[in-house]
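Secondary and tertiary structure notes
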Amino acid sequence: SKYYADLMLKINPKSSSAYFIKAKIAYVQGDKEEATSNINQAIIYNNNILNTNLAKALKVDKIPSATKEFYYNYAWEKYFKGDIKGAIENSEKYLEENTSNTEMRNFLTELYLKDDNLLLAQQNIEAILKETPINSSNLLNQAKIYVLKNEYDKAESALKEAYKYYPNNKDVLYRLAEFYFDRENYKNSKKYYQTAIEVDNNFYESYRGLIDSLIELN
């Protein structure tokens, strides 16, 4: 049984079932330390295992802490699988141990926005602003919130502020172009799509936007 559980872990190092089986084996064999280690690992990957009889027998009554690297990787894995709430949970746990990672904090803001939680997104933006006043991703996220709230003048100001400090950032240029295109200001959208292409001539989204702008401009 242990042999096949180990094979499961070779195929999927995050298999909660395999760790749970190994915990049961160790418990039956009287090795409670090994059993506890394995069930803790199982619970990290599947929190529901905390409610099993084996967890109660081993007196494991809370979700164990994982390394910050685990939370970082798991947050992105959950995100790419479409599990936004799972990505948020792991991002928050990562940031409990590493509050200075601005990249992850910006990622968390984007996750809050995808989860339609504007309040937490705004609070996160303000927290980042206190430590890093000029940050392109943070300014772009702030602009996104303003657009969602139909505060277009504020959104434009945030985008222009980002452009002021990051004039060669293709994401800033693209977001400016998109903003103007959505406002039917095709002259400006054309300008920023073109500039984004000059920064990165493989930026296919900007080529598409430039084509649409040119069509609108006849």
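Relevant structure appears above.
First things first, this report covers the structure right here in the doc. Everything numeric in this text was worked out from a predicted model, so none of it was measured. Throughout this document, residue positions are counted from 1 along each chain, in the order its sequence is written. Restriction of local features to residues with pLDDT of at least 70 applies here, the model being predicted, together with a cutoff of 80 or more for giving and counting side-chain atom pairs; totals for whole chains, interfaces and linings are based on all residues. Computation of side-chain values covers all heavy atoms of the structure but excludes hydrogens and water.

**Some points on unusual backbone geometry**
Glycine aside, a negative phi is what most residues show, and trans is what most peptide bonds show. Despite not being glycine, K59 has its phi angle at roughly 60 degrees, a positive value. Only runs of H or I of at least four residues qualify as helices and only runs of E of at least two qualify as strands under DSSP, and these elements are numbered from the N terminus. Mapped onto the elements, K59 comes out in the loop between α4 (53–57) and α5 (68–80). Non-glycine residue E184 carries a positive phi angle of around 65 degrees. Accessibility expressed as a relative area gives 59% for E184, which makes it exposed. Categorising residues by exposure relies on relative accessible area from a 1.4 Å probe, with only protein chains included: less than 20% of the type maximum marks a residue as buried, more than 50% marks it as exposed, and the intermediate range marks it as partly exposed.

**Focus: the packing of helix α10 (residues 152–165) against helix α11 (residues 170–182)**
Axis angles are defined between N-to-C directions and span 0 to 180 degrees, where every axis is a line fitted to C-alpha atoms and, for a helix, only to the segment in contact. Where α10 contacts α11, the axes come no closer than 9 Å and their chain directions differ by 155 degrees. For the element pair α10 / α11, the angle class is roughly antiparallel. Where α10 crosses over α11, the two elements pack in a sense that is left-handed. Listed contacts from α11 to Y152, A155, E156, L159, K160, A162 and Y163 of α10 are V172, L173, R175, L176, F179 and Y180. Convention used here: angles under 35 degrees read as roughly parallel, angles over 145 as roughly antiparallel, angles from 65 to 115 as roughly perpendicular, and any remaining angle as oblique. Should the near helix be turned anticlockwise from the far one by less than a right angle, the crossing is left-handed, and should it be turned clockwise, the crossing is right-handed. Note on definitions: a residue-residue contact is assigned when non-hydrogen atoms from the two residues lie within 4.5 Å.

**Some remarks on the environment of S213**
Of note, S213 is situated in helix α13 (residues 204–216). For S213, a relative accessible area of 0% corresponds to the buried category. A C-alpha to C-alpha distance of 6.6 Å links S213 and S189, two positions 24 residues apart in sequence. Residue contacts for S213: discarding those within four places in its chain leaves F181, Y186, S189, K190 and Y193.

**Quick word on the nonpolar core**
Buried Ala, Val, Leu, Ile, Met, Phe, Trp, Tyr and Cys residues that are joined via side-chain atoms within 4.5 Å together make up what is termed a nonpolar core. In terms of nonpolar packing, the biggest core is built from 37 residues, with I39, V60, F70 and L111 touching the most fellow members. Where this core is concerned, the elements lending two or more residues are α2 (16–28), α3 (32–45), α4, α5, α6 (84–97), α7 (102–114) and α8 (118–131). Among residues more than four places away in sequence, those in contact with V60 are T36, I39, N40, I43, L50 and A55. A155, A158, L159 and L176 belong to the second-largest nonpolar core, a separate cluster that totals 21 residues.

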